[in-house]
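Understanding the architecture of this molecule
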Amino acid sequence: MPAGTTEPSHEGLFSFRIEFSIQCSKCDGHIPLDGPVEKAFCHDCGSPVQIPREYWMDTLSNSCRKMQDMEMGGGRGSILMGTFWGNLELARFDPYCDSCKTDIQDPWHMEPGTVYRCRKCGMEHHVEALRNGSSKACPG
Ligand SMILES: [Zn+2]
Ligand SMILES: [Zn+2]
C-alpha cells in the first residue's frame, strides 16, 4: 500500500512581495502604495493620485508572471516610466513576519478577517481578502 500523504497541498500557489511607489506629478515626492488602492495621497504635498483598476490588473499579472518561475529569494526591481513614474520591486519569498522575518506557518490556508500572531515575536498580522479583482490578475 502506498504511504498516504497528509501534507497540506499548496500546489499552484506561490507568494511574492511587492513594494510599489509612484512619483507625485506635482512635487516629485514618493507615494508608497499600500495595496492595490485606487486612490493615494502624496506624503509631501497632499496631492491625490488616482490609480485605475486596469493599471493594477496589468501590473499585478505582469508581476505574477515574472515571479512564478523565479527561484526562492530572487527578485527584480524596475523603474516605471509610462502612465506613472515610480519604482516597483518584486521579491520571491514565502510569507514572513515583517517584524522578525520568521516564516508564517501554513500561509496557504488563512481565512480573511482573521489575525495571525507571529509564533516568535507575537506581532499580529491581519489577513485581508484580495481586493479589486487582484485574484483574477494573480490566480495563484
Ligand atoms: Zn506631491
Ligand atoms: Zn515575528
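Treat the numbers as computed from the prediction; the structure is a model and nothing was measured.

Description of the coordination of the zinc ion (ligand 1)
In the first shell of the zinc ion (ligand 1), the protein supplies C24 (SG), C27 (SG), C42 (SG) and C45 (SG), at 2.3 Å from the metal. Around the zinc ion (ligand 1), the four donor atoms sit at angles spanning 104 to 114°, and that spread fits a shape best called tetrahedral. Sequence spacing of the donor residues for the zinc ion (ligand 1), all on one chain, is C-x2-C-x14-C-x2-C. By relative accessible area, which is 4% here, C42 ends up buried. A relative accessible area of 39% means that C45 is categorised as partly exposed.

Observations regarding the layout of surface pockets
The volume enclosed by the largest pocket comes to roughly 1800 Å³. Listing elements by their share of the lining of the largest pocket, those giving two or more residues are β1 (17-23), α1 (53-68) and β8 (124-126). At four residues, the largest contribution of residues to the lining of the largest pocket is made by β1. For the lining of the largest pocket, a count of residues per class yields 23 nonpolar, six polar and seven charged. The residue makeup of the lining of the largest pocket includes at least three contributed by each of domain 1 (12-93) and domain 2 (96-132). Put simply, the second largest pocket is a space of about 160 Å³. Surrounding the second largest pocket, 13 residues form its lining, Q23, C24, S25, V49 and F84 being those nearest its centre. The residue inventory of the lining of the second largest pocket, partitioned by class, reads seven nonpolar, four polar and two charged.

About the criteria used
Residues numbered from 1 in each chain as written. Chains lettered and ligands numbered in written order. Predicted model: local features only at pLDDT ≥ 70, side-chain atom pairs only at ≥ 80, totals over all residues. Heavy atoms only, no water. Donors = N, O, S within 2.8 Å, 3.2 Å for Na, K, Ca; no water. Tetrahedral: all angles 85-135°; square planar, octahedral: opposite > 155°, others 65-115°. Buried < 20%, exposed > 50% of the residue type's maximum accessible area, 1.4 Å probe, protein only. 1 Å grid on protein atoms, 1.4 Å probe; cavity = no way out; pocket = protein on both sides within 12 Å on 5 of 7 lines; lining within 4 Å. Points joined across faces, edges and corners; volume = space filled by probe spheres on them. Helix = DSSP H or I, 4+ residues; strand = E, 2+ residues; numbered from the N terminus. Nonpolar A, V, L, I, M, F, W, Y, C, P; charged D, E, K, R; others polar. Domains from an automatic or database assignment.

Keep in mind these values describe shape, not function.
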